[in-house]
Structures are given as C-alpha cells and as structure tokens.
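# Summary of the model geometry
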Amino acid sequence: MQLKPKPQHYLQWLGATLAAVLTTIALAMTNARATTAGMVFLVVVVVTATQAGLVISLYSALLCAVSFDYFFLPPIHTFVLAGPQEWVSMFTFAVSSLVAGRVAERARKQKEQAEQRREDVERLYLLSQEMILHEDAAGLIRDLPALVAKIFALKSVVLYVQDRDQYVSTLAELPQLFKANLREVIGGSHAAIASQDGFEAHALMVGVRAVGAMAWRPANLSREVATAVCAQVGIALTRAIAIEASARMEASREGERLRAALIDSLTHELRTPLTSIRAAATTLTQDQGLDDALRRELATVVDEESARLDALIGEAVEMAELDANVIKVQAGPQHTRTLLEHAVEESHTVLGRHQVIFMVQEPDRPVWFDARLLGRVFRHLIENAALYSPPESRIVLRSRRVDGRVEFEVEDNGQGIDKVDLPHIFEKFYRGKKGTKLGKGTGMGLAIARAIMLAHGGGIAVESNPEQGSIFRFWVPLVEKQAVKLPR
C-alpha cells in the first residue's frame, strides 16, 4: 500500500524539462566546455532518476543528449557530429546516463521499500498495542474492523469470528451471499470474495486452526502485511476469548467456593443459638434440682439466644433481598437530623448508657434519599459501635455536605479494628479477630450496609486505629430537588 501519494506526473515531466532547459542555458552562458557540460548533464539525469523514476529519467537523458549535441559538440548549433571523437562522447554520455539512471532508480525504489516497510511495522505495532488494550473479547471483536480500517486507511473491513458465528463490519449491511462466501474462506476459498466489490479476504489462522476470516477493500495491502495483520488479529482474538473463558471458569469456581463457605458459616451461626436454646429447654424440663434463680437464668438464655436467632435470620433474609435486587430505593426529601434521631430512637435498647452526640451541618435543608434504607445502615453501625466500645462511652453521629454528596459518620471510642481485618470488614460473615473472640454479631451487618449504599448510588468506608476507636463513613449523592419531567 502506498502510504504517501506521488506527485502528479505532469509536474514531474515539467520539472525534468525545466531542469534540462535551465541547465543548458546556464552552461551556454558560462561557455562551458563539452567535458564539463557532459558531466553536468549526467548529474541532472541522475537527480531526475532519483526523484521521478526511470521513464522520466530517460526523457531527461534524451533532452540533455539533444542539448549536449546541439550546443556543446562540434559543429555547434547543428545536430551533426563532426567525427569519431564526438560520436564517442555522445555514446559515452548516453550509456552513462542510462546506467546512472538505472542505478539511481534502483536506489530510489529500495529507499521507498525501506520506508514502506518501516511504516508497515509501525502500523502493525500500533494495531497490536490497540488490541492489547481491550480487556474483553466482545469489545475487541466489536472494535476490530474499525481499528484495522483506521490504521491501514482501508475503506471497508469485515470480520467473521468462527467460535461465535459472529460478523462485525464497518459497513451498514452485509449481504447473505457475502457472509456465506466469507465463511467459506476458512476452508480455503478466496475467489468468491475477491470478485465482490474489490474485497480481499484471508483466513485468520492460529497454528493450523482457523479462528475466523477477515476481508477488506481496497485490496492494496502487500502480501506480507496482509499475512501479518491476519496473524496478529487471529492471535488477539484467541487470547481474548481464552482469557474470557478462563475468567468465567474462575468466577464459577469462586462462586462455588463462596457459596460453600456461606452455607458453612450460616449453618454454624444458626446451630450455636439453637444448641443453647435446646440445652436450656432440656434442663428446664427436668424438675429435680432446679431452684427459681436457675430457672430464671435458663429462661434468660432461651430469650437471648432466641433474639439472636431471630436477628440472624432477619439479616440473612435482608442480605438475600439485597443480592437479588428486590429492594428498590425510594428517595424522598428528608432532613438529616431527623434521620439520625430516628436511628438512635430505634437503637435505644442496644445503646444502653452510651452518650450519643449529634453533629449536623447547618442549615439542614431537605435532601433526597431513602430514609428507610439509610436508617438500616445507621442501626447496623450504631449497634456495632455500642457492642465494641466501653459502656458510657460516647458515640458521635455526623452529617454534612461535601463535594456534591451527603456524608454521614458514626464514630466510637472502642478498641478499633486490626489492620489485617480492615480489607475484609465488609465481607459476609467476617467478624474479625475481636468479634470472634467476643462472640458478638453475626458478621452480616456491614455487608448489608455496603449493599444498601451501593444500591443507593453511594459508598461506605472505615477509618480505624487499634485502641483508638473507629469512624464509619458512608455517603449518597447530594440531590436537593427532585428532577422535573418536562411535558412532551
């Protein structure tokens, strides 16, 4: 493929003519000798050959030979050669011009070929880089025809992927006959495509296996470039499809592993309170050796473990609803202070003697969010703050507007979270070292909080230092007015 268009031929012919005429005038005005004139004319022929090619260099050599004979070889101003010496000079000039022109033409072609190969390598490298940037097979297949057409300046490119029986093209529509012919290219048939609107087609081979076919027009890519392009495209497609298949298998294995871990963890969490309830109930059925104090203690165990079991089942159902996208966000205008006060009121039992401090940015103008969902997040975080911090310690609840979002914070003065636990704190059933040791919580509260915030278009994060407490921060987009739907 010619990357740079050649100058118009008539300009080359005109340039060769002017070069011969101006050189003749200059030599005539300086009264140059025949030897000097012959050497200068030879230089003109060589320069013309390097710039315009063999045919025009022969034309230039003819003009220079005529000028050389007419103006510099005796008898001057005639086309008659006086003797053997003049014939030898003319013959030598003609042969020298022909040889020099051929050599210069060969050097020019080699230079053009070297430049062409360099540009072809650059374009092949650019194509490989662009294909590597695509992380998924679907995106690579979708963008490949336009990518190849852009890099190699092609009018149309059509790609067929055999594994998916998929056609992608820069054309608006593909005739069924063209699709059938392109599919046959994989089996080695090229004639059918080549005869259709100037397309050239090649199979995409990886080793001895065909992964698809590609056709383009105009058919101006060299055989070497076409082979290299098809090889790169075939390898890129095979790599992307293999990576996608590997990712699906890994995701499937990871899903099975997580499902098994979830079932094991849930079974363990359910079995623990059930065992306590059953042991206490069995003891209560025995009348001998039980005083009133022991009966009250066993009844308390049954009550506490029943409440724990109820909370565990409730959180499991809540987590399942969030995973299934059953819960929808129903935003409405709310005051952040009202949200904080309702969350504290609903958590008064677990808060006990903790001191709750409100820090609400004023003015507290109404913003749009789902108070029910955010209230559940607050309850989970307040419960954690109360469980993992000393009695009568303070718990600070904050709300403010920052960078186009509404932020909420729950801060406690508890034992903090270990650095090893921080990356996993929002995973299902993860309670960390301290939570496991104290036997508190189900390990689903923070996972539920994160799922709610993601459903709300926000997020949640934590900052914590051991023995210095924790700050849980979550946020939602700041919307102060409901979007108004314009009448059509």
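This is a predicted model, so every value here is computed, not measured.

### Observations concerning the pattern of salt bridges
Note on pairing: side chains with opposite charge can pair once their charged atoms come close. Taken as a whole, this structure holds 19 salt bridges when the rule is applied. Arginine 142 is the salt-bridge partner of aspartate 143, the closest N and O atoms lying 3.3 Å from each other. A relative accessible area of 28% places aspartate 143 in the partly exposed class. Between arginine 405 and glutamate 407 there is a salt bridge; the shortest N-O distance is 2.8 Å. Using a relative accessible area of 27% as the deciding quantity, one classes arginine 405 as partly exposed. Residue glutamate 407 is classed as buried on the basis of its relative accessible area of 6%. Residues participating in the shared-partner salt-bridge network are Arg398, Arg400, Arg405, Glu407, Glu409, Glu411, Glu463 and Arg473.

### Some words on the confidence of the model for the chain
Residues at a pLDDT of 70 or more form 84% of the chain, whose mean pLDDT is 80. No element of the chain has a lower mean pLDDT than helix α7 (residues 191-194), which averages 48, and none a higher one than strand β9 (residues 405-412), which averages 93. Across residues 1-5, where pLDDT falls below 50, the model places eleven contacts with residues more than four positions away in sequence or in other chains.

### Focus: the packing of aromatic side chains
Inspection of every chain in the model, using the stated rule, returns eleven aromatic pairs. Centroid distance phenylalanine 378 to phenylalanine 408: 5.6 Å. Interplanar angle 80°. Geometry classified as edge-to-face. Of the two residues, phenylalanine 378 is situated in helix α12 (residues 371-387) and phenylalanine 408 in strand β9; the sequence distance between them amounts to 30 residues. Taken together, Phe41, Tyr70, Phe71 and Phe72 form an aromatic cluster joined through their ring pairs. One residue, arginine 405, lies across the ring of tryptophan 475, its end atom 4.3 Å from the ring centre.

### Digging into the side chain of serine 67
Here serine 67 shows up in helix α3 (residues 54-72). Beyond its immediate chain neighbours, meaning those up to four positions away, serine 67 contacts Thr24, Phe41 and Phe72.

### A closer look at the pairing of strand β2 (residues 166-169)
Sheet topology note: the strand β1 (residues 156-161)/β2 ladder contains four bridges and is antiparallel. By the bridge assignment, leucine 159 is partnered in β2 with valine 168.

### So, the sheet that holds strand β10 (residues 459-465)
Spatially, the five strands line up as an open sheet ordered β6-β8-β9-β11-β10, and their pairing is mixed. Among the strands making up the open sheet, the edge pair consists of β6 (355-360) and β10. This sheet shows a mean twist of 15° between the axes of neighbouring strands, independent of strand direction. As judged from the seven bridges shared by β9 and strand β11 (residues 469-477), these two strands associate in the antiparallel manner. Looking across to β11, one finds that valine 410 is bridged to phenylalanine 472. Lying over the sheet, α12 contacts β8 (394-402), β9, β10 and β11, oriented at roughly 20° with respect to β9.

Rules of the game
Residues numbered from 1 in each chain as written. Predicted model: local features only at pLDDT ≥ 70, side-chain atom pairs only at ≥ 80, totals over all residues. Heavy atoms only, no water. Salt bridge = Lys/Arg side-chain N within 4 Å of Asp/Glu carboxyl O. Buried < 20%, exposed > 50% of the residue type's maximum accessible area, 1.4 Å probe, protein only. pLDDT = per-residue confidence, 0-100. Helix = DSSP H or I, 4+ residues; strand = E, 2+ residues; numbered from the N terminus. Contact = heavy atoms within 4.5 Å. Phe/Tyr/Trp six-rings, centres within 6.5 Å; stacked < 30°, edge-to-face > 60°. Lys NZ or Arg CZ within 6 Å of the ring centre and 35° of its normal. Pairing = 2+ DSSP bridges. Axes fitted to C-alpha atoms, helices over the stretch in contact; angles between N-to-C directions.

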